[in-house]
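Close look at the chain arrangement
Chain residues, written in single-letter form:
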Amino acid sequence: MGGVLYNSSGLPTFTLTGLPGLENSQHWLFLLLGTLYIVSIVGNALILFIVKEEQSLHQPMYYFLSLLSVNDLGVSFSTLPTVLATFCFHLRKISFDSCMAQMFFIHFFSFMESGVLLVMSFDRYVAICNPLHYTTTLRDSRVVCMSLGVVTRSFCVVFPLPLLLKRLSFCKANVLSHAYCLHPDLIHLPCGDITINNIFGLFIVISTFGLDSALILFSYVLILSSVFAIASREERLKTLNTCVSHLCTVIIFYIPMVGVSMTARYGRHVPRFVHTVLSLIYLFVPPMLNPVIYSIKTKEIRRRLGRMLVGNKF
């Protein structure tokens, strides 16, 4: 069947790829990616540890930050096995079921991150526009419900993707564009009618990324209108400064995501390495930079890190 490899269950296997044209430099690439993994995993683990240990951080903003760190760890561990296999051990074959599982977790954590950024923007909106009711609006039970809502929504929108792909027949050379399985990559491989897959894929992108980004933008419009009503320039800057970390996190998540989506849908003639580089930025940069941003901008986290570095107290 046109060079397609099948396993004993009759399902196709897929071939992972590294960076096109840099096959002889794969070990150096893994060294770079390995460094990004280490920074991401250690950084997010430290954020979780500090929020747990530092009593002053036991408030909604940092509970959501902890959820973001858990999500970023999930992204890193979702891609790690196949990136390690591709770049370090040159093992490029992946079974259908393993590929579907990896695709599920990568997209689950991507949609979850979008939801976490949305609830974090709501936290900033309440803190700035309605500060007197902050503790009653964002009490612990409501924070838990919002977090569970984000997780549940992500699961519900991603769960059908592997099932919709499994019903299709694969008759092409199943070579993927990345060292991991992504739905926009996989959707071009089947020989059957993929109309339902395309419609559902577009629906979940609009109803998650599209809706979340619109609501985040709307929350910042309300925040800015409230901030500009403050008479003191110093107070305005001080208030806006509490949003800088979240704004940076939103930017480094959504810009690469838009780039990946646009090239996947409209970049058929774009060189393959562009797709690969954009997906690497999308999956590696936010988990690495998020803990760095919050460590720099949060005084309590900086202080605790300083004490840990000098060996004073863990």
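Per an unreviewed UniProt entry, the recorded name for the chain is Olfactory receptor, and the organism is Muntiacus reevesi. In its Function (unreviewed entry) section, the UniProt entry covering the chain states "Putative odorant or sperm cell receptor." Here is the UniProt Sequence similarities (unreviewed entry) comment for the chain, exactly as written: "Belongs to the G-protein coupled receptor 1 family."

The secondary structure content of the chain amounts to 12 helices and 2 strands. When the helices and strands of the chain are placed in sequence order, the string is β-α-α-β-α-α-α-α-α-α-α-α-α-α. Relative to a compact globule of 314 residues, whose C-alpha radius of gyration would be 20 Å, the chain shows 21 Å and is just as compact. Looking at the chain as a whole, 48% of its 314 residues qualify as buried.

The next thing to look at is the packing of aromatic side chains. Applying the stated criterion across every chain yields a total of 16 aromatic pairs. Their ring planes at 25° and their centres at 5.3 Å tell us that F155 and F159 sit as a pair that is stacked. One aromatic cluster is present, formed by F104, F105, F108, F109, F155 and F159 through successive ring pairs.

A few words on the packing of helix α2 (residues 60–87) against helix α11 (residues 272–297). It is at 9 Å that the axes of α2 and α11 come closest, and there the two elements cross at 145°. Crossing hand, α2 versus α11: left-handed. Touching M61, L65, L68, D72, V75, S76, T79 and V83 of α2 are L283, F284, P286, P287, N290 and Y294, all from α11.

Another point: the UniProt feature "transmembrane region" (unreviewed entry) in the chain. Within the UniProt annotation, "transmembrane region" (unreviewed entry) is assigned to residues 28–51, 63–84, 104–122, 143–165, 199–231, 243–267 and 273–294. Each end of residues 28–51 is marked by a C-alpha atom, and these two atoms are 35 Å apart; helix forms 100% of the span and strand 0%. Along residues 143–165, the helical share is 96% and the strand share 0%, with 35 Å between the first and last C-alpha atoms.

Another aspect to go through is the nonpolar core. By size, the foremost hydrophobic cluster in this structure holds 80 residues, and its most contacted members are F14, V83, Y180, L186 and F284. In terms of residue count, helix α3 (residues 96–129) provides more of this core than any other element does, 17 residues in total. Ignoring any residue separated from it by four or fewer positions in sequence, one finds V83 in contact with F30, L33, Y37, C88, A179, Y180 and F284.

This next bit is on the environment of L165. Mapped onto the elements, L165 comes out in helix α6 (residues 160–166). Separated by 29 residues in the primary sequence, L165 and I194 have C-alpha atoms spaced 8.6 Å apart. Setting aside residues up to four positions removed in sequence, L165 forms contacts with F96, M100, M103, F170, H183, L186, I187, P190 and N197.

Nonpolar side chains collect at one region of the surface, where V39, V292 and I296 lie side by side and expose about 220 Å² of accessible area between them. Mapped onto the fold, V39 is located in helix α1 (residues 26–53). Residue classification places V39 among the partly exposed residues on the basis of a relative accessible area of 32%.

Contact pair α2 / α3: the axes reach a minimum separation of 9 Å and the direction vectors enclose 165°. Taken together, α2 and α3 sit at an angle that is classed as roughly antiparallel. Where α2 crosses over α3, the handedness of that crossing is left-handed. Of the residues that constitute the contact of α2 with α3, the class distribution is 14 nonpolar, 6 polar and 4 charged.

How each quantity is defined
- Residues numbered from 1 in each chain as written.
- Predicted model: local features only at pLDDT ≥ 70, side-chain atom pairs only at ≥ 80, totals over all residues.
- Heavy atoms only, no water.
- UniProt positions renumbered as here; feature names shortened; annotations may be inferred.
- Helix = DSSP H or I, 4+ residues; strand = E, 2+ residues; numbered from the N terminus.
- Rg over C-alpha atoms; globule rule 2.2 N^0.38 Å.
- Buried < 20%, exposed > 50% of the residue type's maximum accessible area, 1.4 Å probe, protein only.
- Phe/Tyr/Trp six-rings, centres within 6.5 Å; stacked < 30°, edge-to-face > 60°.
- Axes fitted to C-alpha atoms, helices over the stretch in contact; angles between N-to-C directions.
- Left-handed = near helix turned anticlockwise from the far one by under 90°.
- Contact = heavy atoms within 4.5 Å.
- Core = buried A, V, L, I, M, F, W, Y, C linked by side-chain atoms within 4.5 Å.
- Patch = residues over 30% accessible without salt bridge, like charges linked within 9 Å, V, L, I, M, F, W, Y side chains within 5 Å.
- Areas by Shrake-Rupley, 256 points an atom, 1.4 Å probe, with all protein chains shown as cover.
- Salt bridge = Lys/Arg side-chain N within 4 Å of Asp/Glu carboxyl O.
- Parallel < 35°, antiparallel > 145°, perpendicular 65-115°, else oblique.
- Nonpolar A, V, L, I, M, F, W, Y, C, P; charged D, E, K, R; others polar.

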